[in-house]
Amino acid sequence: MFDFLIQGFGVALTPLNLGLAFLGALLGTLFGALPGIGPINGIAILMPLAYTLGLPAESALILLAGIYTGSEYGGRMSSILLNVPGDAGAVMTTLDGHPLAKKGLAGPALGLSAVSSFIGATVAIVGLTLFAPLLAVVAVKFGPAEFFALMIFAFASMSAMMGKDPIKTLIGAVLGVLISTVGVDSGTGVLRFTFDMPELYDGIDFVVMIIGLFAVSEILLMLEHAFRHDQDGEMAPIGRVMVKMSEVMYCKWAILRSSVIGFVIGVLPGTGASVASAVAYTTEKRISDRDNTFGTGDMRGLAAPEAANNASAAGSFVPMLTLGIPGSGTTAILLGALMLYNINPGPMMFREQPVVVGGLIASLYIGNVMLLLLNLPLAGVFARVLQVPRWILVPSVAILAFVGVYQLHSDLMAIYLMLAIGVFGYVLRKFGFSLAPVVLGFVLGGLMEENLRRALSISGGDVAILFQSGLSIGLWIAAALVVLVPMFAGKLKAKFLPAKVS
Amino acid sequence: MKLAADRVLSLLLLGLAAFVAVQAWQLQVPFSYDPVGPKAVPLILSALLAVLAIVLFVRPGAGGEWPTGALLLRLVFTMAVLGAYAALFINLGFLVTTALVSVVIAWLFGATPVKAVVGGLLLALGSYLLFTYGLGISLPTGSWIEPLLGSH
Amino acid sequence: MPNSRIIPRWLVAVVTGGALLAGAVQAQAKPPECIAPAKPGGGYDLTCRLAANGLQEAKLIDEPMMVSYMPGGIGAVAYNHVTGVRDDDPNLIVAASTGAALNLALGKFGIKHKVDDVRWLGALGVDYGAVVVRKDAPWNNLDELMKAMKKDPSSVVIGAGGTIGSQDWMKAALMAKADDVDPRKLRYVSFEGGGEALAALLGEHIQVFTGDLAELKPQLDSGEIRILAALSEERMGGPYADIPTAKEQGYDVEWPIWRGYYMGPNVSDEAYQQWADRLRELNETESFKKLREGRGLFPMSKFGDDFHQYVKQQVSDFETLAKEVGLTQ
């Protein structure tokens, strides 16, 4: 039954493919670590190179998959060190990762996130190996009604993020959803809030949004701190570099739960690392944040989204390899890369192309180990970024923001939009808003509206469709529990919720 | 003063809510297969935003410290520099604009002029080499440089 | 601003030096470029790569072709760019498809943009619309499906990867029209791209998917789906030989999805001809035929002025169609 995997390891362990897996891991980490330049850019840039070099299909795929998984590892670095997410899946990582760096724990934070990423990816790759064809059947059962229920559940878990200023959290989320409505309406093709600017027809790009919101506003805040010479912006000196075993053990349940959540969400077509890490973070906060330490540098708040975004990256290979349907924006490009090689991924691929599928899955195992070995010692090196003087760091952030957006859009309007969103983000932060609800509203709100309307188009307006399948009923119950249970005894929470969610 | 900040915000949000509502209301929809249509969600959001804005007006929280005087000037100046960076990015090319912008920002962040110039130039050159040769990303050369060097 | 007087002198000297150096580095002739008016990974990206890889393998270009991305406005941003900023760049081609012609006809590129604003260069391949159902669907042929739809349009849930007014929707609307059913009476669900719509079909959320023929080959091979009709002029060969066209089943609907390119309006006739010749030559090479097949495209040979007239005719046809199905007045 696992012939393809044995064959795959034979392929992946050839010197060329091992070297390519390493190169992919290294470049991926780098692409992910640079804010604004994510796996999509990385793969788009290296795809023609792989083709031009005449690499065989499995080798090209090993290189590109290495970049994909590597960038999920790398994305966390600038999140932790600079409070600027390196890519879409790393937004939630800023919430507890950056406060940890401010406490002088940048090294352990990087180490812990590497370990969480490793575990998340491993859980997902094992899941991919064992259950891929089976999962594919379940994944397609997830229709618009189920997606809508999942979004309801995600918003319900967000109630955990209310924090000290619930009104501003809500306003932030509403603003985020509002931003997601910009562009061509997916149901009717009507243009909403585009003001006759074609640049806005496709909606506001996620990269432009997070780079503006985080990187540009961070530049302005750093300027303020530098001007006032205040302590708030200063980093504590870097203490120890390595993460302790006890810290990993402290997060073990957070990591395992989030790995499963990330994998499952990654498998669903149409959702990616950003949704996976958001749901994992809010769920974890709901389950285990008893002392309200999430958001202030809680290790579990860092481990959860990191495990989830790596798990979802591996999970999104499931629909791609088994159904020929991309599970995320990045696998969509991988699919394109395979088509250049006359390989059409689909239900027959496991049988017809065992070398490619097996080689890919085997290389995911190998690449994942490489990434851990590469990233653990690098934690200390990268933590030194914090010691770079501001007058070099800040222009570097600006350069990366510009290049990242320009590379994706070749268009100045996108850069102006990024700057405008930056000012918006700065003003929000000065008013005491957290940016996370805005991003969550943006990511989840659009999906929620689209899927609600799709479900109702299917049923011809009958609302009953939202509660018809077992999957959606389960999600509705979970959503209700997530809101209601904490209102009652705290002890109940510990008993019931983990069982319902996982 | 602090209370006033949140109240100003709540008025701005009310304005935004009204704007969203008017814009959404005016959408021309030829026809829609779902009963919700493209108008409903923006309208619901604007109503929600209006309610939240009113709550914020009644119970304003502690606003942050707002920049004034020299700091405000510097912030505006930084945004202007970034705006100019964008405006000149394609015509002047990556290297020139990046060098100029890096020098100015470095100087804004307290580097001495010598450090700022050397650091800015190295950053521009280093990042150019990293992106172009290391990562294979193509960056604008600058339209002025092409006739100068006689290439097409 | 302390010491601000010192900066300019430093700057002028060193910056000019650095810039000249950069210029020298990039002074070689500009490589040919293909703009994909979308994010990486989509159909336009693949259209660009088809030209880039094909031309390079056939050694029809000296330097590798660069592919850059210009998403926004379903192609409108790139159209604006090429009609405005780089209107005479002899090294630049832009990927386009039937979708671009449709958007032009619907005025989605802005009222001021017309089909003649660019020079349509040529197409390297074409796919055709397809009416797809699950393997266990109750309809054995197109006629049965259409009769069921005619009896009660809301009894059949159709889904596809585009909004009202998109190509996928047009296919469904034209089928309805051929059956004398008002397209507005359909039960139609729009997804984000064909992949999601296909997933919804396999998951039994929708019953009919108006997709593209060659893109469905893997699912067709595995027997998960059945294709009731190809929206092509005549039957396609190879693995598709058993799939009847809509026309031969009595419903006169065709939907070719060509993949081609355009250039700026002020590109010289010389450069335009050179590119058209290159594509024409490429189209005949054996290596390209394999590449095209792998990309899931059928041959289409229209280049230069021939192609320009084709697109022009198509846009005007679409304008009429849009009125007929009730999209525009």
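It should be emphasised that the depicted structure is a prediction, and the values quoted were computed from it without experimental measurement.

How each quantity is defined
- Along each chain, residues carry numbers from 1 onward, in the same order as the chain's sequence is written.
- Ligands are numbered from 1 and chains lettered from A, in the order in which they are written.
- Local features in this predicted model are restricted to residues of pLDDT 70 or higher, and side-chain atom pairs are both shown and tallied only at a pLDDT of 80 or more, whereas totals for entire chains, interfaces and linings draw on every residue.
- For helices the rule is a DSSP run of H or I covering at least 4 residues; for strands it is a run of E covering at least 2, with both sets numbered from the N terminus onward.
- Here a residue counts as buried when 20 or more other C-beta atoms fall within 10 Å of its C-beta, as exposed when 12 or fewer do, and as partly exposed in between; the C-beta atoms come from the backbone.
- By the convention adopted here, residues are in contact when the distance between their C-beta atoms, placed from the backbone, does not exceed 7 Å.
- Our radius of gyration looks at C-alpha atoms and nothing else; its globule reference is 2.2 Å times the residue count to the power 0.38.
- Residue ranges for the domains originate in an automatic or database domain assignment.
- In these notes, a nonpolar core means any group of buried Ala, Val, Leu, Ile, Met, Phe, Trp, Tyr and Cys residues linked to one another through C-beta atoms within 7 Å.
- The span you would expect from a helix comes to 1.5 Å times its residue count less one.
- To get the bend at any residue, fit one axis to the seven residues that end at it and another to the seven that begin at it, then take the angle between the two axes.
- Following the grouping adopted for this structure description, the nonpolar residues are Ala, Val, Leu, Ile, Met, Phe, Trp, Tyr, Cys and Pro, the charged ones are Asp, Glu, Lys and Arg, and the polar ones are all others, Gly among them.
- Only strands that DSSP links by at least two bridges are regarded as paired with each other.
- A crossover gets the label right-handed when its path from the first strand over the helix to the second runs clockwise, viewed with the strands pointing away from the viewer.
- Along the chain, pLDDT gives the predictor's confidence residue by residue, from 0 to 100.
- All axes here are fitted lines through C-alpha atoms, helices being fitted over the stretch that makes contact, and every angle between N-to-C directions spans 0 to 180 degrees.
- Crossings are assigned a handedness: left-handed for a near helix turned anticlockwise from the far helix by less than a right angle, right-handed for a clockwise turn.

Draft legend 1. Representation of the overall build of chain C. Counting its secondary structure elements, chain C contains 11 helices and 10 strands. In terms of overall dimensions, chain C has C-alpha extents of about 80 × 50 × 35 Å along its principal axes. Residues classed as buried in chain C amount to 53% of the 329 residues present. Sequence separation of 24 or more characterises 77% of the internal contacts of chain C that already satisfy a separation of 6 or more.

Draft legend 2. Highlighting the overall build of chain A. Helix and strand content of chain A: 22 helices and 2 strands. Since a compact globule built from 502 residues should have a radius of gyration of about 23 Å, the 22 Å found for chain A is in line with a globular shape. For the C-alpha atoms alone, the extent of chain A along its principal axes is close to 60 × 55 × 55 Å. Within chain A, contacts between residues at least 6 apart in sequence are counted, and of these 79% link residues at least 24 apart.

Draft legend 3. The arrangement of the domain arrangement of chain C in detail. Residue and element names in this part refer to chain C. Entries for chain C in the domain assignment read domain 1 (33-126 + 257-324) and domain 2 (128-255). Distance between the C-alpha centres of domain 1 and domain 2: 27 Å. Listed as interface residues are 9 residues of domain 1 and, on the opposing side, 12 residues of domain 2. With 3 residues, the single largest contributor to the side of domain 1 that touches domain 2 is helix α4 (residues 98-105).

Draft legend 4. How the structure looks around the nonpolar core. Residue and element names in this part refer to chain A. Counting 341 residues, the largest nonpolar core has Leu64, Val405 and Met418 as its most contacted members. The greatest single-element share of this core, amounting to 18 residues, is contributed by helix α6 (residues 106-141). Excluding residues within four positions of it along the chain, Leu64 makes contact with Gly24, Ile43, Leu46, Met47, Ala50, Leu334 and Ala337.

Draft legend 5. Expanded view of the environment of Ile225 of chain C. All names here are of chain C. By the secondary structure assignment, Ile225 is in strand β8 (residues 225-231). On the neighbour-count criterion, Ile225 (23 C-beta atoms within 10 Å) is buried. Ignoring sequence-local partners within four residues, the contact set of Ile225 consists of Val132, Val133, Arg134, Lys135, Leu216, Gln219 and Leu220.

Draft legend 6. Spotlight on helix α4 (residues 57-82) of chain A. Residues and elements named next belong to chain A. Helix length check: α4, at 26 residues, gives a terminal C-alpha distance of 38 Å against a target of 38 Å (1.5 Å per residue), a fit within 8%. At Ser71, α4 shows its maximal bend, which comes to roughly 30°. With 26 of its 26 residues buried, α4 lies for the most part within the structure. Directly beyond the C-terminal end of α4, a positive phi value near 65° is found at Asn83.

Draft legend 7. How the structure looks around the environment of Gly107 of chain C. Tracing the sequence through the fold places Gly107 of chain C in the loop between α4 and β4 (119-134). Separated by 110 residues in the primary sequence, Gly107 of chain C and Lys217 of chain C have C-alpha atoms spaced 33 Å apart.

Draft legend 8. Spatial organisation of the interface of chain C and chain A. Opposite the 48 residues of chain C that make contact, chain A presents 46 residues. The greatest single-element share of the side of chain C that touches chain A, amounting to 6 residues, is contributed by helix α7 (residues 194-202) of chain C. Here the residues of the side of chain C that touches chain A sort into 21 nonpolar, 18 polar and 9 charged.

Draft legend 9. View of the interface of chain A and chain B. Counting residues at the interface gives 49 residues for chain A and 57 residues for chain B. Those elements that provide at least two residues to the side of chain A that touches chain B are α3 (39-52), α8 (166-180), α9 (206-228), α18 (390-409), α19 (412-430) and α20 (435-459) of chain A. Counting residues per element, the side of chain A that touches chain B draws most heavily on α18 of chain A, which supplies 12 residues.

Draft legend 10. Here's a closer look at the pairing of strand β2 (residues 66-69) of chain C. All names here are of chain C. A one-sided burial pattern is seen for β2, the buried positions being Val67 and Tyr69 and the unburied ones Met66 and Ser68. With 4 bridges connecting them, strand β1 (residues 33-36) and β2 associate as parallel partners. Its bridge partner lying in β2, Glu33 is registered against Met66. Crossover β1 to β2 through helix α2 (residues 43-57) is right-handed.

Draft legend 11. Fine view of the confidence of the model for chain C. All names here are of chain C. Scored by pLDDT, chain C has a mean of 86; 91% of the residues are at 70 or more. Within chain C, helix α1 (residues 6-25) has the poorest average pLDDT of any element, 46, and β8 the best, 95. Low pLDDT (under 50) marks residues 1-28, which in the prediction has 30 contacts with non-local residues, meaning those over four places away or in another chain. Confidence metrics for the complex model read pTM 0.86 and ipTM 0.92.

Draft legend 12. Looking closely at unusual backbone geometry. Although it is not a glycine, Asn292 of chain A sits at a positive phi angle of roughly 55°. Here Asn292 of chain A lies in the loop between α12 (273-288) and α13 (299-315). Judged by local crowding, Asn292 of chain A falls into the exposed class, with 12 C-beta atoms found within 10 Å. The residue Lys59 of chain C is not glycine, and still its phi comes out positive at about 55°.

Draft legend 13. Highlighting the pairing of strand β7 (residues 208-212) of chain C. For β7 of chain C, the tally of buried residues reaches 5 of 5 residues, placing the bulk of the element in the interior. Here β7 of chain C shows no split at all, with Val208, Thr210 and Asp212 of chain C on one side and Phe209 and Gly211 of chain C on the other all buried.

Draft legend 14. Local environment of the confidence of the model for chain A. Per-residue confidence for chain A gives a mean pLDDT of 85, with 94% of residues at or over 70. Looking across chain A, the model is least confident in helix α22 (residues 490-501) of chain A, with a mean pLDDT of 51, and most confident in α13 of chain A, with 94.

Draft legend 15. Representation of the packing of α9 of chain A against helix α3 (residues 69-88) of chain B. It is the contact of α9 of chain A with α3 of chain B, at a shortest axis distance of 10 Å, that shows an interaxial angle of 145°. The two elements α9 of chain A and α3 of chain B meet at a crossing, and its hand is right-handed. Contact with α9 of chain A, carried on its side by Ile219, Leu220, Leu223, Glu224 and Phe227 of chain A, involves Leu71, Arg74, Leu75 and Thr78 of chain B of α3 of chain B and no other residues of that element. Taken together, the residues of the contact of α9 of chain A with α3 of chain B sort by class into 6 nonpolar, 1 polar and 2 charged.

Draft legend 16. Quick peek at α4 of chain C. All names here are of chain C. Most of α4 is tucked away: 8 of the 8 residues are buried. As for α4, its buried residues are in contact with β3 (92-97), α6 (167-178), β9 (256-263) and α11 (304-324). Gly107, located one to two residues past α4, shows a positive phi value of around 75°.

Draft legend 17. Focus on the packing of helix α11 (residues 252-267) of chain A against α13 of chain A. All names here are of chain A. Running from amino to carboxyl end, α11 crosses α13 at an angle of 35°, the nearest separation of the two axes being 7 Å. Note on packing geometry: the crossing formed by α11 with α13 is right-handed. For the pair formed by α11 and α13, the contact residues are Ala254, Ile255, Ser258, Ser259, Ile261, Gly262, Phe263, Val264, Ile265, Gly266 and Val267 on the first element and Arg300, Ala303, Ala304, Ala307, Ala308, Asn309, Ala311, Ser312, Ala313, Ala314 and Gly315 on the second. A breakdown of the residues in the contact of α11 with α13 according to their chemical character gives 14 nonpolar, 7 polar and 1 charged.

Draft legend 18. Seen up close, the environment of Asp205 of chain A. In this structure, Asp205 of chain A sits in the loop between β2 (191-192) and α9. Once the C-alpha coordinates of Asp205 of chain A and Ser180 of chain A are considered, the two residues, 25 residues apart in sequence, prove to be 9.4 Å apart.

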